[in-house]
Amino acid sequence: MKPLILIAEDEDALRTLLRYNLEKADFEVIEADDGDQALLLVDERAPDLVLLDWMMPTVSGLEICRRLRARSETRNLPIIMITARGEETDRIRGLDTGADDYLTKPFSISELLARIRAVLRRIRPALAQDVLEFGDIVLDRTARRVRRSGREVALGPREFTLLSRLMDAPGRVFSRSQLLDSVWGQDSEVEERTVDVHIGRLRKALNRPGERDPIRTVRAAGYAIDETFARH
């Protein structure tokens, strides 16, 4: 699964340039041209990283960063702030607000890509891995295989992608709409309750009698890989 990056930038030309180069570098991209739209997109489909312009219309990038850091579900969302404000005090302010990195315009695309990969490696190492391991579960994205306690787990393509998405960020709660977008695509007309059906199939395939269920249902919110699962 390609890492999803939200570009929150009001300059059309720069946004188009960033999208082109990020997609060329094998990232999936969504865009916002003002602060309200950026916050709405994060709620609809949680990205893996946000490129956030400081000077955004409606809601500033700095305020967006504050709001995302104040919410439990986005507290650890990687954020790289991009801005024309290059003074040291501005950089400190941006980082103190919660940005993981800070890039001053103009910048080279190669430097931006390097910063993105560095932040993802540091904060979301699972995104750089073909093999994910959590507790007694091993998921190999390249081979499309899953094992639990050494045994093969047969999963359908939807269940495999669901498990892969959940294992990208153990403990993080994904809403049904976020999982629907990740697995079926944003243009899908599949109903949200379909996610519940496939989560049920995933649980049935993963769990033998007496084994602990690694998937946590969060009432009225969604699903997560239980962060305490690896400790047992």
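See the structure above.
Residues numbered from 1 in each chain as written. Predicted model: local features only at pLDDT ≥ 70, side-chain atom pairs only at ≥ 80, totals over all residues. Heavy atoms only, no water.

Asks: Could you give me a rundown of the layout of surface pockets, with the residues and numbers involved?
Replies: In this structure, the largest pocket encloses a volume near 280 Å³. Along the walls of the largest pocket sit 13 residues, with S72, E73, N76, G171 and R172 positioned nearest its centre. Tallied by class, the residues present in the lining of the largest pocket amount to five nonpolar, four polar and four charged. (1 Å grid on protein atoms, 1.4 Å probe; cavity = no way out; pocket = protein on both sides within 12 Å on 5 of 7 lines; lining within 4 Å. Points joined across faces, edges and corners; volume = space filled by probe spheres on them. Nonpolar A, V, L, I, M, F, W, Y, C, P; charged D, E, K, R; others polar.)

Asks: Would you mind going over helix 8 (residues 193-206) in detail, with residue names and values included?
Replies: Between its first and last C-alpha atoms helix 8 spans 20 Å; for 14 residues at 1.5 Å apiece the expected length is 20 Å, and the two agree. Turning to helix 8, its buried residues are V195, H198, I199, L202 and L206. Down the axis of helix 8, the buried side of the element spans an arc of 110°, and every buried residue falls inside it. Turned more than 90 degrees off the buried face of helix 8, the exposed positions are R193 and K204. (Helix = DSSP H or I, 4+ residues; strand = E, 2+ residues; numbered from the N terminus. Expected span 1.5 Å × (residues − 1). Buried < 20%, exposed > 50% of the residue type's maximum accessible area, 1.4 Å probe, protein only. Arc of directions from axis to C-beta.)

Asks: I'd like a rundown of unusual backbone geometry, residues and numbers included.
Replies: Residue K105 is joined to P106 through a cis peptide bond whose omega torsion reads -10°. Here P106 is to be found in the loop between strand 5 (101-104) and helix 5 (109-123). Unlike most non-glycine residues, D26 shows phi in positive territory, near 75°. Assignment of secondary structure puts D26 in the loop between helix 1 (12-24) and strand 2 (28-32). Its identity as a non-glycine residue notwithstanding, R144 has a phi of 55°, on the positive side. Within the fold, R144 resides in the loop between strand 7 (137-140) and strand 8 (145-148).

Asks: Explain the packing of helix 1 against helix 5 to me, and be specific about the residues and the numbers.
Replies: Taken N-terminus to C-terminus, the directions of helix 1 and helix 5 make an angle of 60°; their axes are 11 Å apart at the nearest point. Viewed along their axes, helix 1 and helix 5 adopt a mutual orientation that is oblique. By crossing handedness, the relation of helix 1 to helix 5 is classed as right-handed. Here L17, L18, N21 and L22 of helix 1 come into contact with helix 5, specifically with I109, L112, L113 and I116. Of the residues that constitute the contact of helix 1 with helix 5, the class distribution is seven nonpolar, one polar and no charged. (Axes fitted to C-alpha atoms, helices over the stretch in contact; angles between N-to-C directions. Parallel < 35°, antiparallel > 145°, perpendicular 65-115°, else oblique. Left-handed = near helix turned anticlockwise from the far one by under 90°. Contact = heavy atoms within 4.5 Å.)

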